[in-house]
Amino acid sequence: MEAQQTQHKHHCIVCEQSKEEGIFIVSEFICTDCESEMVHTDAQDAKYPFFIHQLKQIWLQQNNA
């Protein structure tokens, strides 16, 4: 019999929603949907500066700790 894994929801720093799957950068969570959208966003896209701003929060929090 397989052991059941419990999925925990984490707060995404980009979309600010609780999601189960994604990645951690330093100690901050980015959901799979946002990660995929960021990777496929062109630097000329209107959303690009928003993504950069959200990612800067990781480094600001890390330096203020």
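These lines cover the structure that appears in this document, whether it is placed above or below. Please read these numbers as outputs of a predicted model, since none were measured by experiment. (Residues numbered from 1 in each chain as written. Predicted model: local features only at pLDDT ≥ 70, side-chain atom pairs only at ≥ 80, totals over all residues. Heavy atoms only, no water.)

**Topic: the pairing of strand E4 (residues 28-31)**
Because side chains alternate across E4, one face comprises the buried residues Glu 28 and Ile 30, and the other comprises Phe 29 and Cys 31, equally buried. Where strand E3 (residues 22-25) and E4 come together, four bridges link them in antiparallel fashion. Within E4, the residue paired with Phe 24 across the bridge is Phe 29. What sits between E3 and E4 in their antiparallel hairpin is a turn of two residues, with Val 26 showing a positive phi close to 55°. (Buried < 20%, exposed > 50% of the residue type's maximum accessible area, 1.4 Å probe, protein only. Helix = DSSP H or I, 4+ residues; strand = E, 2+ residues; numbered from the N terminus. Pairing = 2+ DSSP bridges.)

**Brief notes about the pattern of salt bridges**
Summed over the entire model, instances satisfying the criterion amount to two salt bridges. Here Lys 19 ties to Asp 33 by a salt bridge, and the two come within 3.0 Å at their closest N and O atoms. Residue Lys 19 is located in strand E2 (residues 18-19), and its partner Asp 33 is located in helix H1 (residues 32-39); the two are separated by 14 residues in the primary sequence. Among the ionic pairs, Glu 37 bridges to Lys 47, the shortest N-O distance being 2.6 Å. Separated by ten residues along the polypeptide, Glu 37 in helix H1 and Lys 47 in the loop between H1 and helix H2 (48-64) bring together distant segments of the chain. Given a relative accessible area of 41%, Lys 47 falls into the partly exposed group. (Salt bridge = Lys/Arg side-chain N within 4 Å of Asp/Glu carboxyl O.)

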